[in-house]
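# Summary of the model geometry
Take a look at the letters that make up each chain.
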Amino acid sequence: MRAVRERDAYANLVLPPLLRDLGLSGRDAALATELAYGACRSLGLLDAVIAAGAGRPIEEIDGPLLDVLRLGVYQLLRTRIGAHAAVDTSVALARSEFGAGKAGFVNAVLRRAGEKTPEQWVEALAPADPVGRLAFEYAHPAWIAQAFADALGARAGELREVLAADDARPLVHLVARPGDITAEELALVTGGEEGRWSPYAVYLDGGDPGKLEPVREGMAAVQDEGSQLVALALTRAELGGPDTGRWLDLCAGPGGKAALLGAIAAIDGFRVDAVEPAAHRAELVRKAVRDLPVDIHVVDGRASGLTPGYDRILVDAPCTGLGALRRRPEARWRRTPADVRELVVLQRELLSAAWDLLRPGGVVVYSTCSPHLPETVSIVADAVRRLGAEQLDTRELLPGVTDVGDGPGAQLWPHRHGTDAMFLAALRKPR
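This section reports on the structure supplied with the text.

Thresholds applied
- Residues numbered from 1 in each chain as written.
- Predicted model: local features only at pLDDT ≥ 70, side-chain atom pairs only at ≥ 80, totals over all residues.
- Heavy atoms only, no water.
- Helix = DSSP H or I, 4+ residues; strand = E, 2+ residues; numbered from the N terminus.
- Axes fitted to C-alpha atoms, helices over the stretch in contact; angles between N-to-C directions.
- Parallel < 35°, antiparallel > 145°, perpendicular 65-115°, else oblique.
- Left-handed = near helix turned anticlockwise from the far one by under 90°.
- Contact = heavy atoms within 4.5 Å.
- Nonpolar A, V, L, I, M, F, W, Y, C, P; charged D, E, K, R; others polar.
- Pairing = 2+ DSSP bridges.
- Right-handed = clockwise from strand over helix to strand, strands pointing away.

## Quick word on the environment of Pro64
Summarising the element assignment, Pro64 is placed in helix α5 (residues 63-78). Distance in space between the C-alpha atoms of Pro64 and Phe98 is 9.1 Å, their sequence separation being 34 residues.

## Examining unusual backbone geometry
Residue Pro254 is reached from Gly253 by a cis peptide bond, and omega for that bond is 5°. The residue Pro254 is located in the loop between β5 (246-249) and α15 (256-268) in this model. Cis geometry is found at the peptide bond from Gly407 to Pro408, where omega equals -5°. One non-glycine residue, Ala139, lies in the positive phi region at around 55°. Looking at where Ala139 falls in the secondary structure, it is placed in the loop between α9 (130-137) and α10 (142-152).

## Comments concerning the packing of α5 against helix α7 (residues 100-113)
Remark: α5 packs on α7, axes separated minimally by 10 Å, with the N-to-C direction vectors making an angle of 30°. Taken as axis vectors, α5 and α7 run roughly parallel relative to one another. Seen from above, α5 lies across α7 with right-handed handedness. Residue-level contacts link Leu65, Val68, Leu69, Gly72, Val73, Leu76 and Leu77 of α5 to Lys102, Phe105, Val106, Val109, Leu110 and Ala113 of α7. Its residues assigned to classes, the contact of α5 with α7 comprises 11 nonpolar, one polar and one charged.

## Comments concerning the sheet that holds strand β2 (residues 193-194)
Taken together, four strands build an open sheet; the order of strands is β2-β3-β1-β4 and the sheet is antiparallel. This sheet does not close on itself; its edge strands, each paired only once, are β2 and β4 (220-222). Two strands pair when backbone bridges link them, and β2 and strand β3 (residues 201-204) are joined in this way by two bridges, in the antiparallel orientation. For Glu194, the partnering residue across the bridge sits in β3 and is Val202.

## Some points on the pairing of β5
Sheet analysis places β5 next to strand β6 (residues 271-275), joined by four bridges and oriented parallel. For Arg246, the partnering residue across the bridge sits in β6 and is Arg271. At this point the chain moves from β5, through α15, to the parallel β6, and the crossover so formed is right-handed. The pairing of β5 with strand β8 (residues 310-316) spans three bridges and is classified as parallel. The residue bridging Asp249 from the neighbouring strand is Leu314, located in β8.

What follows is the structure, given as structure tokens:
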């Protein structure tokens, strides 16, 4: 938590090596993970309760002490740990780190926090408007909750389910590499369960997927099933004219979709170009696509210098990532509405660049790991208007996948599909 607060570290990258270094496993590791991830996810709610209990703004509380308070209040309000144990361990931690005076402060704040139930704290501190209240109750910034409600449209009554899904521990999703192993075989080897929507998906209830033999040997990888569906949609779209086997992933890092596209392309003797401007992310792509017919270009996708004429192009655009908050505990508190404005410009430019590289009759699939309307349907509507694109019914590219919206784009949701909230739309260039 200190690394997340001080260095803007990612909890899901910092915690696993810490657990290994400290020799924690089993129930101890599970508890540490729940406390760290849970406290990072719940910051807004925790900080409001801490401020009320301390009688001062959290900005006036030293950061390291605030970490201890957040851990303590999280245990009190969001776990089944007994109040006495939660207070005592937090006070002991404060005493060992900061001395008796600060320990007394922690004790006083946590005692006040424990005087109310979580429901009573919501009643006392939540905004009056329905969306703001749900945002507070489920520890989301209000603007993100409103963005979800807007994207749900007529089904905004599902907002509580969406917010709750962000706080649920997601299953690990594996992808079986086509040509190397089937989902059925992967499920048997790993003890997992075949996925519902992607023919290559396998679900695991937990554990370290990096230790699995198929993953170590490159026959499988960790990839959300929604991301698999995005790549598959590109391969299924009907082209105008024959597929000459020139495919492009214009925003390839860290390489999951490029690897799946490369494995499918290899079956037909096709090739994939993968573009990633950041050298360190390009290296991740290189590792993900080893032994596959994928050529990596470390260039900006907006000015790639590639030769036009591609049959299929994927633009999995950089976005706010609001659709994957359940996998990134601290992310919801780092994004701001200002981020959206900058990203929308980039998304529009990348889609335009892809259009210039696409041959007549070719298809580009635009996707984001965000349901936020300015990043999704607004970008696509702008492209249709400016570029004269023919928008395909994306739902037809997701056979068997139910409840993805009214079309022509498709929106996946964690509470409906068990995937990240991926948006995708398919555009064909007139011949």
